[in-house]
Every structure is written in structure tokens, then in C-alpha cells.
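A closer look at the structure
The chain contents come next:
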Amino acid sequence: MKETLHKITSTLMALIVLLSTMSFSVDMHYCGDHLVDFSMFDKVDTCMMKAKKSKDSSSCEVMEMETETSCCSDIEVTVEGQDDLKISFDNLTFEQQQFVYSFAYSFINLFDAVDENITPFRDYVPPPLLRDVQILDQTFLI
């Protein structure tokens, strides 16, 4: 049971480290108020081409490309992962240093073992036994 719990805990801790260091971006392309394209790993396809009929002919044989900037918009949401996993203790304030010192001192002294067994009644001398009361009254604890 203890080994299984240890394996589960170590796996969860590895996943937390992996997810906290991973960074990703989400690209979205809106035309007006409508979401046209959504991508997590690649750039989105934009609708920058617009077919227009040529002034010379009535057919759509000649296509022109023009950029629509009035109604379309691209939004990129980036979540940056943590790059530095080691915490630097060089820039601690005085209050933080004081807290760390007092916590370490109390934690170390919490488990301070006693070197010898202290018996408080070691020097106590019992009174002399003048008569044995249990035998006189014949009361025995069985």
C-alpha cells in the first residue's frame, strides 16, 4: 500500500512539473463576431483573399487579392511556462530570512532526542517495611 501510494505521488509530482514548464499558444481568427479558425499548434488560416469581379469583364476569371482589415481580426493567446525551476534564495527580505531561520531552528529542535533515560524517582528511598499488610489481612490481588 505504501509503495503504491509512493508511486502515485511521484507520478503526480512529475506531471505537475511537466505541466508547469510547458508553454503553448492558441491562435484564433475572427471575421466580425464569428470564430472562423482556431489552432493550438499552427498559425490560423486567415481570410485575406477576397474575390472581386474585374471591371473589364463580367466573369470571375480575373481574381484580385486584397486585405480585409476592417472586419477580420487575429487573436493570439500565449501561456508561458516556467523556465526557472530553482528558487533563488539570494534576494530574500529580512522578514523572509527570519522566518526561514526560526522555522529551521524549531524543526531541528523538534526531533532532538534525549540521550539518557531520566528517572525522577531514582534517588527516592521507600519507607522501611515494618509489617506486610497483604499477608496480615490476607488480601491478594489475583
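Residues numbered from 1 in each chain as written. Predicted model: local features only at pLDDT ≥ 70, side-chain atom pairs only at ≥ 80, totals over all residues. Heavy atoms only, no water.

Here the focus is the overall build of the chain. Each helix and strand in the chain was counted, giving 3 helices and 3 strands. Along its sequence from the N terminus, the chain presents helices and strands in the succession α-β-β-β-α-α. Counting all 142 residues of the chain, 6% fall into the buried class. In the chain, 48% of the contacts between residues at least 6 apart in sequence involve partners at least 24 apart. (Helix = DSSP H or I, 4+ residues; strand = E, 2+ residues; numbered from the N terminus. Buried < 20%, exposed > 50% of the residue type's maximum accessible area, 1.4 Å probe, protein only. Contact = heavy atoms within 4.5 Å.)

Glancing now at a nonpolar patch on the surface. Residues Leu-19, Met-22, Phe-24, Leu-35, Phe-38, Met-40, Phe-41, Ile-75, Val-77 and Val-79 make up a contiguous nonpolar surface patch of about 980 Å² in total accessible area. Looking at the nonpolar patch, the elements with two or more residues in it are β2 (34-39) and β3 (72-79). Broken down by element, the residue count for the nonpolar patch peaks at 3 residues, all from β3. With respect to the secondary-structure elements, Met-40 resides in the loop between β2 and β3. (Patch = residues over 30% accessible without salt bridge, like charges linked within 9 Å, V, L, I, M, F, W, Y side chains within 5 Å. Areas by Shrake-Rupley, 256 points an atom, 1.4 Å probe, with all protein chains shown as cover. Salt bridge = Lys/Arg side-chain N within 4 Å of Asp/Glu carboxyl O.)

Negative phi characterises most residues that are not glycine, and trans characterises most peptide bonds. For Gln-138, which is not glycine, the phi torsion reads 55 degrees and is therefore positive. Summarising the element assignment, Gln-138 is placed in the segment after α3 (133-137).

Spatially, 3 strands are ordered β2-β1-β3 in an open sheet, and the strand pairing comes out antiparallel. This sheet does not close on itself; its edge strands, each paired only once, are β2 and β3. Going across the sheet, the axis of each strand differs from the next one's by a mean of 20 degrees, ignoring polarity. Relative to β2, strand β1 (residues 24-31) runs antiparallel, the two being bridged by 5 bridges. Bridge pairing in β2 links Met-28 to Phe-38. (Pairing = 2+ DSSP bridges. Axes fitted to C-alpha atoms, helices over the stretch in contact; angles between N-to-C directions.)

Here we come to the side chain of Ser-39. Tracing the chain through its elements places Ser-39 in strand β2. In this view, Ser-39 contacts Ser-25, Val-26, Asp-27 and Val-44; residues no more than four positions away in its chain are not counted.

Side chains on a regular strand alternate between the two faces of the sheet. In terms of strand pairing, β1 meets β3 through 8 bridges, oriented antiparallel. Across the sheet, the residue bridging to Cys-31 is Cys-72, located in β3. Following β1, the chain reverses through 2 residues before pairing antiparallel with β2; Gly-32 in that reversal takes a positive phi of roughly 70 degrees.

The tally for this structure, following the rule as stated, stands at 3 aromatic pairs. Judged by centre distance (6.4 Å) and plane angle (20 degrees), the rings of Tyr-101 and Tyr-105 are stacked. Within this pair, Tyr-101 and its partner Tyr-105 are both found in helix α2 (residues 94-110), separated by 4 residues, close to a single helical turn. Clustering of aromatic rings is evident, with ring pairs tying together Phe-99, Phe-103 and Phe-107. (Phe/Tyr/Trp six-rings, centres within 6.5 Å; stacked < 30°, edge-to-face > 60°.)

With that out of the way, let us pick up the environment of Thr-46. Mapping Thr-46 onto the fold places it in the loop between β2 and β3. We classify Thr-46 as partly exposed; its relative accessible area is 31%. Residues Thr-46 and Val-36, spaced 10 residues apart in sequence, show a C-alpha to C-alpha distance of 8.3 Å. When residues no more than four places from it in sequence are discounted, the contact partners of Thr-46 are His-29 and Asp-74.

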